[in-house]
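Residues per chain are reported as follows:
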Amino acid sequence: MLKWMLQPGGVNRVLHSAAAFRVARTLTRTQKKEYDRAYAYLRNRMGHMDYARYRRVGVPLGSGVTEAACKTVFTQRLKLSGMRWTKEGAQVILNLRVILLSGVWDVVYGRVLAARPQPIMRGHVASEPNELGIAA
């Protein structure tokens, strides 16, 4: 079935085969329940399981990329010796690491600055006309 899932229309082929299996077998109540659950799982997620198309456009199918990203983003920063984090504090650090590691720090930082009111910077105003000359 795994090989079918990787071919175009794979989920449909697996569901068709499962339906034929179901008709050909006598299942216990527990087996029927498990079958129905598995069948519904595949049917409800068909739109997310177009593995042939994902392969064609170069999307990784295994969990290796995700696990490596978790190690890079999470483990290397939050699990250093002696560190303790609150959930909120860890989330802030993770958000910043994702922004940094994604290479979009400058864009995000610019948007944050643009969204905040900027302070008005005023220069020194001389109270007497000659005050600046005296200071020099």
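Refer to the structure above for everything that follows.
Residues numbered from 1 in each chain as written. Predicted model: local features only at pLDDT ≥ 70, side-chain atom pairs only at ≥ 80, totals over all residues. Heavy atoms only, no water.

## Notes on the overall build of the protein
Put simply, the rule is: For the purposes of this entry, the term helix denotes a DSSP run of H or I that reaches at least four residues, the term strand denotes a run of E that reaches at least two, and both are numbered from the N terminus. C-alpha atoms define the radius of gyration in this analysis, and the globule rule sets the expected value at 2.2 Å times the number of residues to the power 0.38. Three exposure classes are used, based on accessible area relative to the maximum for each residue type with a 1.4 Å probe and protein chains only: buried under 20%, partly exposed in between, and exposed over 50%. Contacts are assigned to residue pairs with any non-hydrogen atoms lying within 4.5 Å of each other.
Scanning the protein from terminus to terminus reveals eight helices and zero strands. Listed N to C, the secondary structure of the protein is α-α-α-α-α-α-α-α in terms of helices and strands. For a compact globule of 136 residues, the expected C-alpha radius of gyration is about 14 Å, and the protein comes in at 30 Å, more than 25% above that figure. In terms of principal-axis extent, the alpha carbons of the protein reach across some 105 × 40 × 25 Å. The buried share of the protein, taken over its 136 residues, is 15%. Of the contacts made within the protein by residues no fewer than 6 positions apart, 37% connect residues no fewer than 24 positions apart.

## With respect to the pattern of salt bridges
As a reminder, the rule being used: By salt bridge we mean one thing: a side-chain nitrogen of Lys or Arg within 4 Å of a carboxyl oxygen of Asp or Glu.
Within the structure shown, the criterion is met by two salt bridges. Taking the shortest distance from any N to any O, the salt bridge between Glu34 and Arg37 comes out at 3.0 Å. Taken together, the residues Glu34 and Arg37, both in helix α3 (residues 29–44) and three residues apart, mark about one turn of the helix. Classification of Glu34 as partly exposed rests on a relative accessible area of 45%. Take Arg37: its relative accessible area is 56%, and that puts it in the exposed class. Its salt-bridge partner being Arg53, residue Asp50 comes within 3.1 Å of it at the nearest N-O pair. Relative accessible area serves as the criterion here: at 29%, Asp50 is assigned to the partly exposed category. For Arg53, a relative accessible area of 38% translates into the label partly exposed.

## Section: the packing of aromatic side chains
As a reminder, the rule being used: Only rings of Phe, Tyr and Trp enter the pairing, Trp through its six-membered ring, and a pair is recorded when the two centres are within 6.5 Å. The plane angle decides the type: under 30 degrees is stacked, over 60 is edge-to-face, the rest tilted. Over a ring means this: the NZ of a Lys or the CZ of an Arg is within 6 Å of the ring centre and within 35 degrees of the ring normal.
In total, this model carries two aromatic pairs according to the counting rule given. Judged by centre distance (6.1 Å) and plane angle (70°), the ring pair of Tyr51 and Tyr54 falls under edge-to-face. A residue pair is termed a helical-turn pair when its members lie 3 or 4 positions apart in one helix, as Tyr51 and Tyr54 do in helix α4 (residues 51–56) at three residues. Judged by relative accessible area, Tyr51 falls into the partly exposed class, the value being 23%. The ring of Tyr35 carries Arg22 above its face, with NZ or CZ at 6.0 Å from the centroid.

## Some words on a nonpolar patch on the surface
The condition is simple: To count toward a patch, a residue needs a relative accessible area above 30% and no salt bridge. Like charges then connect within 9 Å, nonpolar side chains (Val, Leu, Ile, Met, Phe, Trp, Tyr) within 5 Å. Here the accessible surface of atoms and residues is derived via Shrake-Rupley with a 1.4 Å probe, and residues count as covered only by protein chains that are part of the display.
Among the surface-exposed residues, Val92, Leu96, Leu100, Leu101, Trp105, Tyr109 and Leu113 lie close enough to one another that they form a single nonpolar patch of about 650 Å² accessible area. Put simply, the parts of the chain that give the nonpolar patch at least two residues each are α6 (87–101) and α7 (105–115). The topology assignment puts Leu113 in helix α7.

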